[in-house]
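# Geometric and topological summary
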Amino acid sequence: MSVNARLGKALKSLLAEGADFADLYFETSSSHSFVYEEGAFEEISSSSSEGTGARVVRGESTSHVHAPGVGTATGFSCLDRAASNSGLLLPPCGGSDVRVVGVEETLAPPDFTFFRDVDGRIRNGSMWVKQVSMHLETACRSFAVFNSEDTFAGDRRQYTLFSVEVVVEKGGVLQTGYESEALSLGSSDFFRKVSPLKVAEEALARALLMLDAPECPAGTMPVLLSGEAGGTMVHEACGHGLEADIIRKDFSVYRGKIGQAAASPLVTLVDDGSLPGLLGSGTCDDEGTPCRRNVLIENGVLKSYLTDRTSARMDGLPLTGNGRRSSFRSIPQPRMTNTYIEPGETSPEDMLRGMKQGLFVRKMGGGEVDPTSGDFVFHVTEGYLVQDGRILHPVRGAVLTGNGPDVLFKIEAVGNDLHFLPGMCGKSGQSVPVSDGQPSLLLHSMVIGGAGA
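Read on for an overview of the structure.

Procedures and definitions
Chains are numbered independently. Their residues run from 1 in the order of the written sequence. Where local features are concerned, this predicted model is filtered to residues with pLDDT of at least 70; where side-chain atom pairs are given and counted, the filter is 80 or more; whole-chain, interface and lining totals use all residues. Side-chain metrics rest on all non-hydrogen atoms present in the structure, leaving aside hydrogens and water. The helix and strand labels rest on DSSP assignments: H or I over at least four residues marks a helix, E over at least two residues marks a strand, and numbering proceeds from the N terminus. By the convention used here, residues are in contact when the closest approach between their heavy atoms is within 4.5 Å. As used in this record, nonpolar core signifies buried Ala, Val, Leu, Ile, Met, Phe, Trp, Tyr and Cys residues forming a set joined through side-chain atoms within 4.5 Å. Partly exposed describes any residue whose relative accessible area lies between the buried limit of under 20% and the exposed limit of over 50%, with all areas from a 1.4 Å probe on protein chains only and scaled to the type maximum. Pairing between two strands is assigned when DSSP locates at least 2 bridges connecting them. Working definition: a disulfide is two cysteine sulfur atoms within 2.5 Å of each other. What counts as an axis is a line fitted to C-alpha atoms, over the stretch in contact for a helix, and the angles between N-to-C directions run from 0 to 180 degrees. The labels follow the angle: roughly parallel below 35 degrees, roughly antiparallel above 145, roughly perpendicular from 65 to 115, and oblique for the rest. Classification used: nonpolar for Ala, Val, Leu, Ile, Met, Phe, Trp, Tyr, Cys and Pro, charged for Asp, Glu, Lys and Arg, polar for all others including Gly.

### Structural notes on the environment of N299
Within the secondary structure layout, N299 lies in the loop between β9 (293–298) and β10 (301–302). Note: C-alpha distance between N299 and T268 (31 residues apart in sequence) is 5.2 Å. Setting aside residues no more than four positions away along its own chain, N299 makes contact with S264, P265, V267 and T268.

Encoded structure:
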């Protein structure tokens, strides 16, 4: 009997014992990380791992067991313990021990000789530079998943991320510029497409721009969000509220609102894990469901939620290919992949010309979000005052405050551009790579924190 047949038979036998669902997940991974600060390497680390996770679902109870190793013997052992925890008996599974996932090749350490050169050139680029920090991370993961519904699937994913943070100081005023690039490529291919120096120069330019900028005035005003600002606000303030486990726990304002207006008619919000080259993409999710394009909001109307197998089974929802886990040690949960607002028909230039006054946001920074309500506070790392359709000057200290679901109704123009920004998304102690995207968006009003706020 083949390995696939043996695993499939064992998983299906648990259904006869009373389980509702069972799966086995085998994974190998490796990574390298470099942190360079103050002209020296602060951290260099490499890691590799392999392991198996077994899950048995019975009613609303889930048992998950994991162990190192990716052989069939490890898989059957984990499955036996998970079944026992659920009060079930796994029939004997004979046969020799066979590796289910090939050994993930050890990633070749990236060429990191450029760090010192980039650091020197950035420091020589301005007398105001106080600190230069760089981070390079490259990772590769392969997995195979089997379940009691005759699914057998797998994927191999890799990514490289490079980021630079530059701190400048003048007259006791500190400003920070940050820039990053990430692609679903190994480091060699990544650096054929990405210039580390260019990334660092953009971070320096942003820090210097804000250094002499006046404080942003506080108040309510129109806001033009550049596509370059990325879709962080939509991801954090709206996207998590569309994940089916959040919906089920009644932690989301979108609960029970399928078919109702959820945004301006100009807004179509999509999550698509099948887009090539983006960090959230793959051939299938971590439960073996094919990745696909999911329209969450169409022309302002709420259409669907993001599901994994558990939420889909318990709530009678379709599978969307969004069951994701950070490793074999974790249970899958509904997660975003590449989430974005589809581009519209208005050029960013026309949006700007139509603004009598307001704030133009080119880059967003970090912030805080209440996932239950969607209330948010986001810092602007590059913003400009606008008057009579013209950019006046940069401002610093701007803070966007509001409510994610409400903001979607305030969109009065959607740009014909579309930009994606990569990132790592955290949820329930797990972190997975994602991409957030948006075109330029004109909002008729937002509350801006700034000077005098």
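### Some remarks on the nonpolar core
Formed by 42 residues in total, the largest nonpolar core has its most connected members in L225, Y254, L359, L400, M446 and I448. Ignoring any residue separated from it by four or fewer positions in sequence, one finds L400 in contact with L225, L359, V361, M364, F376, V377, F378, V380, M446, V447 and I448. Core analysis: the second largest hydrophobic core is formed by 24 residues, L14, L24, V65 and A67 among them.

### What to know about the pairing of strand β19 (residues 419–427)
Note: β19 against strand β20 (residues 430–438), 9 bridges, orientation antiparallel. Its bridge partner being in β20, M424 is matched across the sheet by P433. Where β19 hands over to β20, the hairpin turn is made up of 2 residues, of which S428 adopts a positive phi near 50 degrees.

### Section: the sheet that holds strand β13 (residues 338–341)
Strand order across the open sheet formed by 6 strands is β10-β9-β8-β13-β20-β19, with mixed pairing between neighbours. The two strands at the open ends of the sheet, each matched to only one other strand, are β10 and β19.

### Quick look at the state of the cysteines
The term disulfide refers to a covalent linkage connecting the sulfur atoms of a pair of cysteines. Within the structure shown, the criterion is met by 0 disulfides. C140 takes part in no disulfide bond, and the closest cysteine sulfur, belonging to C284, lies 14 Å away. C284 takes part in no disulfide bond, and the closest cysteine sulfur to it belongs to C291, at a distance of 6.3 Å. The exposure class of C284 is buried, given its relative accessible area of 3%.

### Regarding the sheet that holds strand β5 (residues 152–170)
Reading across from one edge, β3-β2-β1-β4-β5-β6 is the order of the 6 strands in this open sheet, with antiparallel pairing throughout. The open sheet is flanked by β3 (61–68) and β6 (173–183), the only strands paired with a single partner. If you compare each strand with its neighbour and ignore which way they point, the axes differ by 20 degrees on average. Taken strand by strand, helix α1 (residues 3–17) contacts β1 (21–37), β2 (40–58), β4 (129–147) and β5, and its axis lies near 115 degrees from that of β1.

### Digging into the packing of α1 against helix α2 (residues 72–85)
Angle between the axes and distance between the axes are the two parameters that describe a pair of packed helices. At their nearest, the axes of α1 and α2 sit 11 Å apart, and the two run at 0 degrees to each other. The angle between α1 and α2 places the two elements in the roughly parallel class. Where α1 abuts α2, its residues V3, R6, L7, A10, L11 and L14 lie against T72, F76, L79 and A83. Of the residues belonging to the contact of α1 with α2, the class tally is 8 nonpolar, 1 polar and 1 charged.

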